[in-house]
Each structure stands twice: as structure tokens, then as C-alpha cells.
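As a plain string of letters, each chain reads:
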Amino acid sequence: MSLSRRQVAVAGIAAVPLALSVTGTAQAGGHRHRTLYIAGDSTAAQKYANAAPETGWGMALPFFLGKNRPVANHAVNGRSSKSFVDEGRLEVILSAIQPGDFLLIQFGHNDQKAEDPTRYTEPWTTYQEHLRMYVEGARARGARPVFATSVERRRFDAGGKAVTTHGEYPAAMRALAAEERVALLDIQALSLALWQELGVEETKKYFNWTATEQDNTHFNPPGAIAVARLAARELLRTRVLGPRDVRRLDERIPESWITWPEAAA
């Protein structure tokens, strides 16, 4: 879809604080480090003070990566693979990404919303078509695309078994990854196994459960850290990153390391 200059400009303004935060680090000392960009939804997105303690896993990922692998988190609440493109957000990333960088792509939560034509995609057709835009865009600029299946929600059946919630979307991403030879971080399968291991009650400590809210989709600091750890381990396992690019994979990360800045006016 063609984009108006205004659409691109609005998306660019929204992404500026995060883009600048990594650019300064990456260029320190005149040496540009290879940046890992995240395109995704609210489960990965940067959260601000008015949303605390809600935490996107992308906020915790830098704790597991070396300083030579800065993160530019462009994930935004409520976006699907389609709406992220239509709003010009992919174009913003592609205007900044450079050869040797990485584009980590996680969508699926909002692609499921059949009642919303601005976001809905069908797993085996339009979802894969939109994912190809990210792959082709990254590769055209010398960057490496990386797929991540959607992290699972907290849902258990009556017998206490963790159940899937993303329908055919993870399978569609896995199939496209194999077809296009894109590295795949299977966060859906890994997070489902983790929730099963933790169980019905313990998982509440990883999601945004507060005195006023019982949110089984979004994370608090422990949950975001746990999912970011899964992602970092997968980046190493799939050889997207090397041993020198990751750190603290088996270390405890203090919750106090998570901070929520004030949102830009």
C-alpha cells in the first residue's frame, strides 16, 4: 500500500525516541554496532510510566545482549502485521536499518481480530503476504530478518493444562520461515512450555495482574524478563547471534532494572 507523507511522518515521530536512544550508543567512538530492530505488538512494546507495571519483553531484551548489539524497539500496542505496514511504521524502520542489522518480527495477537478490517489477516494468505514485506524490505537493505512466533497468553483448561490461543498463525509463520529461509525464534512453543511448567497460580506472577486488573496477555517485569531470556537464547541457538553477543542467559535479572519513562508529550 502506498503511504502519504503525513502517514510516514507521524510514524517517524512516534519512533524517534527509541531510534535515537540506540543510535547514540551504536555510534559511540565512531564505530557502528549492528542494531536489532523489533517490529511487533504490545507484548514486546516499550511501556511508559502511566502503564506501569505493564512491561513489554522488548524492554528486557537489552539485559541479555552485549553492548555491541543495541536494540531499537519499534513494537507498538495494538498493531498487526498489516496495520504496522499501513501506518508507515515498517517504512520508518527500513529508512533507518543498515547492512548487517537485524529485524526481529513478532505479530499474530492482533492479526486474529476478524472484526477489525484494519488489523485482521488470514494466516495462510494475507498474514504471510505481509510478513514477506518485512523479509523483503530487510534483505533489500542488507539486514537480516528474524521471525518470532507470538508469545502465548496465560490460559489453562479445567485440568490445568496450558492451552494455545493463536490458532494457525504460529504454524503459518513457521512454514513461511522454512520457505523463505528466515531464522525462527519459536517463542510461542517455548512460552507455552514455560507457562505449563509454572502452572496456574505461579504464572499470575509473570503477567500484569494487579489489584485492579487481571491481564493474561501482557507482562509485568518478571514475565517480560522471562520471555526476553527465551528470545535471547533462541537468537543464540539459531546462530543469529554468537556467544559474544549475548550475556546473563542463566543469571538472575533484578526487577529494579526495568524502568518506565514518562511518555513524550
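Here the structure is shown first, and the text comes after it.
As a convention, each chain's residues are numbered from 1 in the sequence order in which they are written. A pLDDT threshold of at least 70 governs which residues receive local features in this predicted model, and a stricter bar of 80 or more applies before side-chain atom pairs are shown or counted, although totals over entire chains, interfaces and linings include all residues. Each side-chain value is derived from all of the structure's non-hydrogen atoms; neither hydrogens nor water enter the calculation.

Considering the packing of helix α5 (residues 123-140) against helix α6 (residues 169-180)
At a minimum axis distance of 10 Å, the contact between α5 and α6 shows a crossing angle of 45°. For the element pair α5 / α6, the angle class is oblique. Helix-helix and strand crossings are classified by hand; for α5 and α6 the assignment is right-handed. Seen from α5, the contacting residues are Pro123, Trp124, Tyr127, Gln128, Leu131, Arg132 and Arg139; seen from α6, they are Tyr169, Ala171, Ala172, Met173, Ala175, Leu176, Glu179 and Glu180. Among the residues forming the contact of α5 with α6, the class breakdown is 10 nonpolar, one polar and four charged. With axes taken as lines fitted to C-alpha atoms, and helix axes fitted only over the stretch in contact, angles between N-to-C directions fall between 0 and 180 degrees. Helical segments are the DSSP runs of H or I of at least four residues, strand segments are the runs of E of at least two, and each set is numbered from the N terminus. Orientation categories follow fixed angle ranges, with anything under 35 degrees roughly parallel, anything over 145 roughly antiparallel, 65 to 115 roughly perpendicular, and all other angles oblique. Left-handed describes a crossing whose near helix is turned anticlockwise from the far helix through less than a right angle; right-handed describes the clockwise counterpart. Between two residues, a contact is recorded if the distance between any of their heavy atoms is within 4.5 Å. By the convention adopted, Pro, Cys, Tyr, Trp, Phe, Met, Ile, Leu, Val and Ala count as nonpolar, Lys, Arg, Asp and Glu as charged, and the other residues, Gly among them, as polar.

Regarding the packing of aromatic side chains
Between 30 and 60 degrees the pair is tilted, below 30 it is stacked and above 60 it is edge-to-face, where a pair is any two Phe, Tyr or Trp rings, Trp via its six-membered ring, whose centres lie within 6.5 Å. Applying the stated criterion across every chain yields a total of nine aromatic pairs. Ring centres of Phe207 and Phe219 lie 5.2 Å apart, and the angle between their planes is 45°; on these two criteria the pair is classed as tilted. Note that Phe207 is positioned in strand β6 (residues 207-209) and Phe219 in strand β7 (residues 214-219), a separation of 12 residues in sequence. Relative accessibility thresholds used throughout: buried, under 20% of the residue-type maximum; exposed, over 50%; partly exposed, between the two (1.4 Å probe, protein chains only). Under the relative-accessibility criterion, Phe207 is labelled buried at 0%. Look at Phe219 and you get buried, because its relative accessible area is 0%. Ring pairing ties together the aromatic residues Trp195, Tyr206, Phe207 and Phe219, which thus form one cluster.

Here we look at the environment of Tyr48
Mapped onto the elements of the fold, Tyr48 is located in the loop between β1 (36-40) and α2 (57-60). Note: C-alpha distance between Tyr48 and Pro261 (213 residues apart in sequence) is 5.2 Å. For Tyr48, the residues in contact, after removing those within four places along its chain, are Trp260, Pro261, Glu262 and Ala263.

Topic: the nonpolar core
Soluble globular proteins tend to pack their nonpolar side chains together in the buried interior. Grouped together as the largest cluster of nonpolar side chains are 44 residues, with contacts concentrated most on Trp57, Leu61 and Trp195. When contributions to this core are tallied by element, the ones reaching two or more residues are β1, α2, β3 (102-106), β4 (144-148), β5 (183-185), α7 (187-202) and α8 (221-237). Broken down by element, this core gets its largest block of residues, nine residues, from α8. Listed in part, the 26 residues of the second largest apolar core include Leu90, Leu94, Ala138 and Met173. In these notes, a set of buried Ala, Val, Leu, Ile, Met, Phe, Trp, Tyr and Cys residues joined through side-chain atoms within 4.5 Å is what counts as a nonpolar core.

A look at the pattern of salt bridges
We count a salt bridge whenever a side-chain nitrogen from Lys or Arg sits within 4 Å of a carboxyl oxygen from Asp or Glu. This structure, assessed with the given rule, holds 14 salt bridges. Across the pair Glu201 and Lys204 runs a salt bridge whose closest N-O atoms are separated by 3.0 Å. Here Glu201 falls in the exposed class, since its relative accessible area comes to 52%. Looking at Lys204, the relative accessible area reads 24%, which means it is partly exposed.

Points about the pairing of β3
Taken across its five residues, β3 has five buried, putting it largely inside the fold. Residues Phe102, Leu104 and Gln106 point to one face of β3 and Leu103 and Ile105 to the other, with burial holding for every one of them. Where β3 and β4 come together, four bridges link them in parallel fashion. Directly across from Phe102, in β4, lies its bridge partner Arg144. Note on handedness: a clockwise path from strand one over the helix to strand two, with the strands aimed away from the viewer, defines a right-handed crossover. Note that the unit made of β3, α5 and β4 has a crossover that is right-handed. In this scheme, strands are said to pair when DSSP sees at least two bridges between them.

Considering the sheet that holds β4
Strand pairing in a sheet is mediated by backbone hydrogen bonds. Such pairs are either parallel or antiparallel. A sheet is described by the order of its strands in space; here five strands give the open sequence β2-β1-β3-β4-β5, paired in parallel fashion. The open sheet has two free edges, formed respectively by β2 (71-73) and β5, since each of these has just one partner strand. Across the sheet, the mean angle separating the axes of adjacent strands is 25° when strand polarity is ignored. Across five bridges, β1 lies against β3 in parallel orientation. The partner of Tyr37 across the bridge, within β3, is Leu103. Here helix α4 (residues 89-96) sits on the sheet and contacts β1 and β3; the angle it forms with β1, its principal contact strand, is near 175°.

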